[in-house]
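# Understanding the architecture of this molecule
This is what each chain is made of:
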Amino acid sequence: LTQVQSFKSVALKVGINPETVASIFDKYVNLPREKLPECLGIDEFHNKSTGNGKYACILTSINENEVVDVLEDRTLETLSRYFSMIDREERQNVKYFVSDMYDGYKYIHDIYFPNSIHIIDTFHFVRLFTEAFNRIRIRIMKSYSPSSQEYDIMKTYWKTLMMPSYKLHKNKTHYERFGRSLDQRELLNIILSKDDKLYHAYLIKEDFVCNYYKVKYEEAEIYLDRLIERMKNTGFPEYDEVAKSLIKWKEQIINSFIRDKEGKRITNAMTEGFNNSVKVIKRTSYGYANFKRFRNRILYILRDNSSFKV
């Protein structure tokens, strides 16, 4: 049961029924939470079968690359009850609190981890920006007739628009609709030539995507202020919404530019990796109606130091 496989698969291998396998697991495996780490990652994953709402919550130790615990949901009631039961001294050991832009996480940080640095995960910040550009693309695309070449090109080659320009490859591919071979940059130029607004929106997106990772922590506030002003004056309502989010989460986003001793930004990338593993565990077993069993299964599979409670 340390492997990602269903109770039914285990039952077939050893010649007993799945209910017995689940019963044995419930009887012997009950893993406690790990001690709160110096760098605490908090994120959610879809879990409609149990809990309040559609999200469960996962806590990770970013430095140790380990799952600390899994909570049934991410409601303020559940999170507050959970962290209030942990000694203040242990909570004060947390130096970095890494999350997405969910208001509930900000509340939990401010109440239970006020001495830690709250960091908005880079992935969520960048996704906020790229999703805004994609909405602009769709809106401009729909301003054309579905039978037009502009509509067809913007719909067919949207991935080329979303890809950072520095990742565009130079290998040529033959395109029947254009009657010639093109590399990705040449294809991009054709797409952008179809609409001036799309071209303008793309330049703003590219300026952010290509320069964001180069900015140092000491330069972050000035960089964000300039970015906010530019986005507020673009005339695109989608970018204006991003600017409002940047203003609301400015302090936490600035903290995302902090680098660790190895020169890397502190992110929830590892937590996202665990979330993908959780999805596989859940999918392999076709879901879990019993959350306690689901939690223990996640911890038992993903932890390196899993132990039995006999």
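Read on for an overview of the structure. Predicted model only: the values in this text are computed from it and were never measured.

Moving on, we get to the overall build of the protein chain. For the protein chain, the count of helices and strands is 15 helices and 7 strands. Projected onto its principal axes, the C-alpha positions of the protein chain cover 70 × 50 × 35 Å. Burial analysis of the protein chain (310 residues in total) assigns 48% to the buried set. Pairs at least 24 apart in sequence give 61% of the contacts found in the protein chain among residues at least 6 apart. For the protein chain, the accessible surface area stands at approximately 16,600 Å², while carbon and sulfur atoms represent 49% of it. If the 50 positive side-chain charges of the protein chain are averaged to one point and the 42 negative ones to another, these points end up 4 Å apart.

Another point: the pairing of strand 3 (residues 66-71). Extensive coverage of strand 3 is indicated by the burial of 6 of its 6 residues. By the bridge criterion, 5 bridges tie strand 2 (residues 55-61) to strand 3 in an arrangement that is antiparallel. Following the sheet pairing, S61 is matched in strand 3 by E66. Following strand 2, the chain reverses through 4 residues before pairing antiparallel with strand 3; N65 in that reversal takes a positive phi of roughly 55 degrees.

Summed over all chains, the structure comprises 23 aromatic pairs. Taking the centre distance of 5.1 Å and the plane angle of 75 degrees together, the rings of F125 and Y212 count as edge-to-face. Of the two residues, F125 sits in helix 6 (residues 122-142) while Y212 sits in the loop between helix 10 (196-211) and helix 11 (220-232), which places them 87 residues apart along the sequence. According to the relative accessible area criterion, F125 is buried, its value standing at 1%. When the ring of Y157 is compared with that of Y175, the centres are 5.7 Å apart and the planes differ by 85 degrees; the resulting orientation is edge-to-face. Of the two residues, Y157 is situated in the loop between helix 7 (149-156) and helix 8 (158-162) and Y175 in strand 6 (residues 173-175); the sequence distance between them amounts to 18 residues. There is no split in this pair, since Y157 and Y175 are both buried. Through a chain of ring-to-ring contacts, the aromatic side chains of F125, F129, F208, Y212, Y213, Y223, F236, Y239 and F257 assemble into a single cluster.

Right, let's get into the nonpolar core. Core analysis: the biggest nonpolar cluster contains 48 residues, and F208, Y239 and I253 have the highest contact counts within it. Sorting the residues of this core by element identifies helix 6, helix 7, helix 8, helix 9 (184-192), helix 10, helix 11, helix 12 (237-248) and helix 13 (250-255) as the ones contributing at least two each. When residues in this core are grouped by element, the largest group, 8 residues, is from helix 6. In contact with Y239, not counting residues within four places along its chain, are F129, A132, F133, I136, A201, I204, K205, M231 and T234.

Pairing in this open sheet of 5 strands is mixed, and the strands run 3-2-1-4-5 from one edge to the other. At either end of the open sheet lies a strand with only one pairing partner, and these are strand 3 and strand 5 (117-120). Across the sheet, the axes of successive neighbouring strands diverge by a mean angle of 25 degrees, strand direction being ignored.

On to helix 2 (residues 18-28), then. Owing to its 3.6 residues per turn, the α-helix brings residues three or four apart onto one side. Taken residue by residue, helix 2 has V21, A22 and F25 as its buried positions. Taken end-on, helix 2 shows its buried residues confined to a sector of 95 degrees, consistent with a single buried face. Exposed and facing more than 90 degrees away from the buried side of helix 2 are E19 and K27. Measuring from the backbone nitrogen of E19 back to the side-chain oxygen at the start of helix 2 gives 3.2 Å, which picks out N17 as the cap.

Another aspect to go through is the environment of S84. Mapped onto the elements of the fold, S84 is located in helix 3 (residues 76-84). What makes S84 partly exposed here is its relative accessible area of 43%. One polar contact links the side chain of S84 to the main-chain carbonyl oxygen of R81, over a distance of 2.9 Å.

Rules behind the numbers
- Residues numbered from 1 in each chain as written.
- Predicted model: local features only at pLDDT ≥ 70, side-chain atom pairs only at ≥ 80, totals over all residues.
- Heavy atoms only, no water.
- Helix = DSSP H or I, 4+ residues; strand = E, 2+ residues; numbered from the N terminus.
- Buried < 20%, exposed > 50% of the residue type's maximum accessible area, 1.4 Å probe, protein only.
- Contact = heavy atoms within 4.5 Å.
- Areas by Shrake-Rupley, 256 points an atom, 1.4 Å probe, with all protein chains shown as cover.
- Lys, Arg positive; Asp, Glu negative; His and termini not counted.
- Charge placed at Lys NZ, Arg CZ, Asp CG, Glu CD.
- Pairing = 2+ DSSP bridges.
- Phe/Tyr/Trp six-rings, centres within 6.5 Å; stacked < 30°, edge-to-face > 60°.
- Core = buried A, V, L, I, M, F, W, Y, C linked by side-chain atoms within 4.5 Å.
- Axes fitted to C-alpha atoms, helices over the stretch in contact; angles between N-to-C directions.
- Arc of directions from axis to C-beta.
- Polar contact = N/O pair within 3.5 Å; in protein donor to acceptor, adjacent residues only side chain to side chain.

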